[in-house]
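Spelled out from the first residue to the last, the chains are:
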Amino acid sequence: MMKYNNQWCLFLTLICVFLSRGGLAQTQAQPIESPIHNLTGTLLGDYPLPKKVFVVVTLNDQTQHNQVVAKYQFYGDGLTLPIDFQLSYAQSNIRQNHRYRIQAEIFERGHVRYTGAGSATELALEPSVYDGQIRMTSVKSASSH
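Residues numbered from 1 in each chain as written. Predicted model: local features only at pLDDT ≥ 70, side-chain atom pairs only at ≥ 80, totals over all residues. Heavy atoms only, no water.

A look at the overall build of the protein
Item 1. When its secondary structure is counted, the protein shows 1 helix and 8 strands.
Item 2. Starting at the N terminus, the α and β elements of the protein follow one another as α-β-β-β-β-β-β-β-β.
Item 3. Burial status across the protein gives 33% buried among its 145 residues.
Item 4. Considering only contacts in the protein between residues 6 or more positions apart, those separated by 24 or more positions represent 65%.
Item 5. A total of about 10,000 Å² of accessible surface is found on the protein, and carbon and sulfur atoms cover 55% of it. (Helix = DSSP H or I, 4+ residues; strand = E, 2+ residues; numbered from the N terminus. Buried < 20%, exposed > 50% of the residue type's maximum accessible area, 1.4 Å probe, protein only. Contact = heavy atoms within 4.5 Å. Areas by Shrake-Rupley, 256 points an atom, 1.4 Å probe, with all protein chains shown as cover.)

Remarks on the environment of Met136
Item 1. As for its position among the elements, Met136 is in the loop between strand E7 (131-135) and strand E8 (137-138).
Item 2. Under the relative-accessibility criterion, Met136 is labelled buried at 2%.
Item 3. Residues Met136 and Gly45, 91 residues apart in the sequence, show an inter-C-alpha distance of 5.7 Å.

Some remarks on the pattern of salt bridges
Item 1. This structure, assessed with the given rule, holds 1 salt bridge.
Item 2. Note that Glu108 and Arg113 form a salt bridge whose closest N and O atoms lie 2.5 Å from each other. The pair formed by Glu108 and Arg113 is uniform in burial state, with each residue classed as buried. (Salt bridge = Lys/Arg side-chain N within 4 Å of Asp/Glu carboxyl O.)

Description of the packing of aromatic side chains
Item 1. One pass over the full model with this rule turns up 2 aromatic pairs.
Item 2. Between Phe54 and Tyr75, the aromatic rings sit 4.8 Å apart at their centres with planes inclined by 55°, giving tilted as the arrangement. Taken together, the residues span a long stretch of sequence, with Phe54 in strand E2 (residues 53-61) and Tyr75 in strand E3 (residues 67-75) at a distance of 21 residues.
Item 3. A residue is classified by how much of its surface remains accessible, and Phe54, at 23% relative accessible area, is partly exposed.
Item 4. Between the aromatic rings of Tyr72 and Phe74, the centroid separation amounts to 5.2 Å while the plane-to-plane angle is 50°, which identifies the pairing as tilted.
Item 5. A relative accessible area of 30% means that Tyr72 is categorised as partly exposed. (Phe/Tyr/Trp six-rings, centres within 6.5 Å; stacked < 30°, edge-to-face > 60°.)

As for the nonpolar core
Item 1. Counting 24 residues, the largest nonpolar core has Leu43, Val57, Leu59, Leu87, Ile102, Ile106 and Met136 as its most contacted members.
Item 2. Not counting residues up to four positions away in its chain, the partners in contact with Met136 are Leu43, Leu44, Tyr47, Leu81, Ala104, Glu105, Ile106, Tyr114, Thr115 and Gly116. (Core = buried A, V, L, I, M, F, W, Y, C linked by side-chain atoms within 4.5 Å.)

Re the confidence of the model for the protein
Item 1. Predicted confidence across the protein gives a mean pLDDT of 78, with 66% of residues reaching 70 or more.
Item 2. When pLDDT is averaged over each element of the protein, E2 comes out on top at 94 and helix H1 (residues 4-29) at the bottom at 56. (pLDDT = per-residue confidence, 0-100.)

So, the side chain of Arg113
Item 1. Mapped onto the secondary structure, Arg113 falls in strand E6 (residues 111-119).
Item 2. Overall, the relative accessible area of 14% leaves Arg113 in the buried class.

Observations regarding the pairing of E6
Item 1. Here strand E5 (residues 100-108) pairs with E6 via 8 bridges, running antiparallel. The partner of Ala104 across the bridge, within E6, is Gly116.
Item 2. Hairpin connection between E5 and E6: a loop of 2 residues separates the two successive antiparallel strands, and Arg109 in this loop has a positive phi of roughly 55°.
Item 3. Pairing of E6 with E8, which is carried by 2 bridges, proceeds in the antiparallel orientation. (Pairing = 2+ DSSP bridges.)

Right, here's the structure in full:
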């Protein structure tokens, strides 16, 4: 029959072995991170924005039905155009033969008030090459003032 103290030593040894193998497996399972790139640009317009607007700029893969690759959004309370933006995206999300587009929308009270877009097709070859300007145009709708 084992002594009580020996049982604890055996138990602690088994726990240490179990935890060390679990830690090793966890370390091996971590994915390799893809490099992050940034796109910068400017939303252009020669008019003041309404108060309390919400700005959304996305990088979309047009080949994949405008799947969003990156998104930058913020409240533009009191801002005026032009507005600079920066989109960060993982290089692993960019495919060589796909077409990409920057889409910008400015919302007022939940409705699109201004919209604009620009091409970013060269991302697969030169990741940080886009430094464009997007002309924002007014969207005419029944909810606009």
